[in-house]
Amino acid sequence: LSYFALILPFLRKFFVSLFKYNYSKSNKQMLMKGIATIGLLICSNVFMTLAWYGHIAFKSKLERYGMIAIVLISWCVALLEYCFQVPANRIGSAEFGGPFTLWHLKVIQEVVSLVVFSLFMAIFMHDGLKWNHYVGFMCLVLAVYFIFRK
């Protein structure tokens, strides 16, 4: 979890700079759309991670079920993921009056996905971050920087 303490100042700067653009709508409304988008993406990725990897993390509770049942359970969880993902992209998309381009939305989703996955690995799989994970995350931070750069 020390990784999160290291990037906290960067994330603060990132979110502050994210909403400095001049939009035709009020900045407060754009800020609220941006926060809602990121919040929905976090919820979406929690369900996505559970749909993809929950059957491994909760093996002892699910091993009595066959492969078809596990797939169906994962699909049900993935449906919840889409219930958050689709509104997040519509609310946040500049095409629907939101603050983000599709490039922005994709990079935000990837960063959120890896943060949620890292927490999942630490909490449920008891597997912490290693040096190569830190390097990979720093590459993602650079990706965010370059994608959001005008």
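Remember, it's a predicted structure, so these values are computed and weren't measured experimentally. (Residues numbered from 1 in each chain as written. Predicted model: local features only at pLDDT ≥ 70, side-chain atom pairs only at ≥ 80, totals over all residues. Heavy atoms only, no water.)

**What about the packing of helix α2 (residues 27-57) against helix α5 (residues 102-123)?**
Then comes step 1: At a closest axis distance of 9 Å, the pairing of α2 and α5 adopts a crossing angle of 45°. Viewed along their axes, α2 and α5 adopt a mutual orientation that is oblique. The chirality of how α2 crosses α5 is right-handed. Side by side, α2 and α5 meet where Thr-37, Ile-38, Leu-41, Ile-42, Asn-45, Val-46, Met-48, Thr-49, Leu-50, Tyr-53, Gly-54 and Ala-57 of the first sit next to Leu-105, Ile-108, Gln-109, Val-112, Ser-113, Val-116, Phe-117 and Phe-120 of the second.
Then comes step 2: Taken together, the residues of the contact of α2 with α5 break down into 14 nonpolar, six polar and no charged. (Axes fitted to C-alpha atoms, helices over the stretch in contact; angles between N-to-C directions. Helix = DSSP H or I, 4+ residues; strand = E, 2+ residues; numbered from the N terminus. Parallel < 35°, antiparallel > 145°, perpendicular 65-115°, else oblique. Left-handed = near helix turned anticlockwise from the far one by under 90°. Contact = heavy atoms within 4.5 Å. Nonpolar A, V, L, I, M, F, W, Y, C, P; charged D, E, K, R; others polar.)

**Describing a nonpolar patch on the surface**
Then comes step 1: A cluster of nonpolar side chains, Trp-52, Tyr-53, Ile-56, Leu-119, Ile-123, Phe-124 and Met-125, forms an exposed patch at the surface whose accessible area comes to about 650 Å².
Then comes step 2: Where the nonpolar patch is concerned, the elements lending two or more residues are α2 and α5.
Then comes step 3: Per element, the largest residue contribution to the nonpolar patch is three residues, and it comes from α2.
Then comes step 4: Of note, Trp-52 is situated in helix α2.
Then comes step 5: On the basis of relative accessible area, Trp-52 is assigned to the exposed category, the value being 54%. (Patch = residues over 30% accessible without salt bridge, like charges linked within 9 Å, V, L, I, M, F, W, Y side chains within 5 Å. Areas by Shrake-Rupley, 256 points an atom, 1.4 Å probe, with all protein chains shown as cover. Salt bridge = Lys/Arg side-chain N within 4 Å of Asp/Glu carboxyl O. Buried < 20%, exposed > 50% of the residue type's maximum accessible area, 1.4 Å probe, protein only.)

**A short note on the pattern of salt bridges**
Then comes step 1: Considering all chains together, one arrives at two salt bridges under this definition.
Then comes step 2: Here Glu-110 and Lys-106 are joined by a salt bridge, their closest N and O atoms 2.8 Å apart. Taken together, the residues span about one helical turn, with Glu-110 and Lys-106 both in helix α5 at a distance of four residues.
Then comes step 3: On the accessibility criterion, Glu-110 (30% relative accessible area) is partly exposed.
Then comes step 4: Between Lys-130 and Asp-127 there is a salt bridge whose closest N-O contact spans 2.9 Å.

**Focus: the confidence of the model for the protein**
Then comes step 1: Averaged over all residues, the pLDDT of the protein is 84; the fraction at 70 or higher stands at 83%.
Then comes step 2: Summarising per-element confidence for the protein, the mean pLDDT is lowest in helix α1 (residues 2-18) (60) and highest in helix α4 (residues 67-92) (94). (pLDDT = per-residue confidence, 0-100.)

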